[in-house]
There are 2 protein chains.
Amino acid sequence: MSKTSLTKNQQIVFTALISAKGPLTAYKILDLALVKREGLKAPLTIYRALDGLLEKGMAHRIESLNAFVACSSAPHKEAAGFMICEQCGMTLELPINACEEPLRQQASSTGFHLHKINIEMIGLCSNCGENI
Amino acid sequence: MSKTSLTKNQQIVFTALISAKGPLTAYKILDLALVKREGLKAPLTIYRALDGLLEKGMAHRIESLNAFVACSSAPHKEAAGFMICEQCGMTLELPINACEEPLRQQASSTGFHLHKINIEMIGLCSNCGENI
DNA sequence: TATGTAATGTTATATCATAACATTTATGAT
DNA sequence: ATCATAAATGTTATGATATAACATTACATA
């Protein structure tokens, strides 16, 4: 299966992520009409589809939420950054070019063989933080 | 209770984290002789002590492992970075000064009110990555 | 020492994730 | 086309992580 061709379940889950307003947990995905309608019934089915999408760089896991989002740019899986609103859940994927290099430096200078960088910034989005 | 004075359970859990070789989950902490001996029996007891330590900046949560480490420098809770060996679990807390500023810039430029930055770098430590 | 607050104890349960094994579907060689 | 193989999916059960709700105890201080 090539990098960009999705399996049936991956398509279903990817569509769910694309349609979502924010990050979705596996169980939230499972509850969506869109997904139920297709006959997907077991958590494991969702997790397997998500694993495939992560592997293809087309989705990312938000560790601090145990949730998943569709990749908002060209597929990638080596490095990602997010701003996450702790009030409304809004999550924005960021380009992290500016800080990636110093981090890679730090890793290589200690002999660390880096596979993946994950950056999560928690706070209030401009809407939720308006009146504080 | 002041920032540096720990409650009884917080002391017990903090000692456990300090003594550990790497990150510990709440349930791993609960299983330690050191902790059992003190009479701590319920997961919630551990989570509450951990919450207190996080709040005081004396421990950090490693999101990608659902685990916790003692802070390796002066207590802080606004920003932290880690290198995590996916083979042996070795985890090293990093100074992230170099990349903190560009991230704060990105946040403020979009009106995001930043509370916390968490950076996790996954890979192989110098020991585990020796022969690859 | 009375009083309110923070910390702790206890039980139950919610939420997130994977193991093990069976079956079906897609793919490629002949 | 058809057979062999690997990949994907289905199904059931269970493991691992985290919190809710409420009772009790310890602690600070007026």
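See the structure above.
Residues numbered from 1 in each chain as written. Chains lettered and ligands numbered in written order. Predicted model: local features only at pLDDT ≥ 70, side-chain atom pairs only at ≥ 80, totals over all residues. Heavy atoms only, no water.

S.K.: Looking at this structure, I do not really get helix 4 (residues 43-55) of chain B. What am I missing?
M.R.: Helical geometry note: an α-helix holds 3.6 residues per turn, so side chains three or four residues apart project in the same direction. Residue and element names in this part refer to chain B. The first and last C-alpha atoms of helix 4 sit 18 Å apart over 13 residues, in line with the 18 Å expected at 1.5 Å per residue. Those residues of helix 4 not exposed but buried are T45, I46, A49, L50, G52 and L53. Take helix 4 and look down its axis: the buried residues cluster within an arc of 155°, on one side only. Seen from the open side of helix 4, the exposed residues pointing more than 90 degrees away from its buried face are R48 and E55. On its buried side, helix 4 packs onto helix 1 (8-19), helix 2 (26-31), helix 3 (33-36), strand 1 (59-62) and strand 2 (67-70). G57 sits one or two positions beyond helix 4 and adopts a positive phi of about 75°. (Helix = DSSP H or I, 4+ residues; strand = E, 2+ residues; numbered from the N terminus. Expected span 1.5 Å × (residues − 1). Buried < 20%, exposed > 50% of the residue type's maximum accessible area, 1.4 Å probe, protein only. Arc of directions from axis to C-beta. Contact = heavy atoms within 4.5 Å.)

S.K.: Got a minute to help me understand the interface of chain B and chain A in this structure?
M.R.: Interface size is often expressed as the accessible area that is lost when the parts come together. Tallying the contact residues gives 35 residues for chain B and 35 residues for chain A. Roughly 2700 Å² is buried in total at the junction of chain B and chain A, and carbon and sulfur atoms are behind 66% of that figure. For chain B, the biggest contributors to the area lost against chain A are Q106, F112 and M121 of chain B; these three give 21% of the whole. The interface formed by chain B and chain A contains zero salt bridges. (Buried area = accessible area lost by both parts, 1.4 Å probe. Salt bridge = Lys/Arg side-chain N within 4 Å of Asp/Glu carboxyl O.)

S.K.: Sorry, what's going on with the pattern of salt bridges here?
M.R.: Oppositely charged side chains may form a pair once their charged atoms are brought near each other. Residue and element names in this part refer to chain B. By the definition in use, this model includes eight salt bridges over all chains. Across the salt bridge formed by D31 and K36, the nearest N and O atoms sit 3.9 Å from each other. Accessibility expressed as a relative area gives 53% for D31, which makes it exposed.

S.K.: Where do I start with the relation of the copies chain B and chain A in this structure?
M.R.: Mapping between the two copies of the chain is achieved by a rotation about an axis and a shift along the axis. If you rotate chain B by 180° and push it 0.0 Å along the axis, it lands on chain A with an RMSD of 0.0 Å. Taken together, these values place the two copies in the relation of a two-fold axis. (Least-squares fit on C-alpha atoms with pLDDT ≥ 70 in both.)

S.K.: Before we go on, may I ask you to explain the pairing of strand 4 (residues 91-94) of chain A in this structure?
M.R.: Within a regular strand, the side chains alternate between the two sheet faces. Residues and elements named next belong to chain A. Note that strand 3 (residues 79-85) and strand 4 share four bridges and pair antiparallel. Considered in strand 4, the bridge of M83 is made with L92. Here strand 3 folds back onto strand 4, and the loop between the two strands holds five residues, one of which, G89, carries a positive phi near 85°. (Pairing = 2+ DSSP bridges.)

S.K.: Please clarify how the sheet that holds strand 4 of chain A should be interpreted in this entry.
M.R.: Whenever strands of a sheet pair, they do so through backbone hydrogen bonds, lying parallel or antiparallel. Read across the sheet, six strands follow the order 4(A)-3(A)-5(A)-5(B)-3(B)-4(B) without closing on themselves; strand pairing throughout is mixed. Looking at strand neighbours, the two that pair on one side only are strand 4 of chain A together with strand 4 (91-94) of chain B, the edges of this open sheet. Here the strands of the sheet are splayed against their neighbours by 20° on average, with no regard to which way each runs. Sheet analysis places strand 5 (residues 113-124) of chain A next to strand 5 (residues 113-124) of chain B, joined by eleven bridges and oriented antiparallel. What sits directly across from N118 of chain A, in strand 5 of chain B, is E120 of chain B. Where helix 5 (residues 97-109) of chain B meets the sheet, its contacts fall on strand 3, strand 4 and strand 5 of chain A together with strand 3 (79-85) and strand 5 of chain B, and the angle it forms with strand 5 of chain B comes to roughly 135°. (Axes fitted to C-alpha atoms, helices over the stretch in contact; angles between N-to-C directions.)

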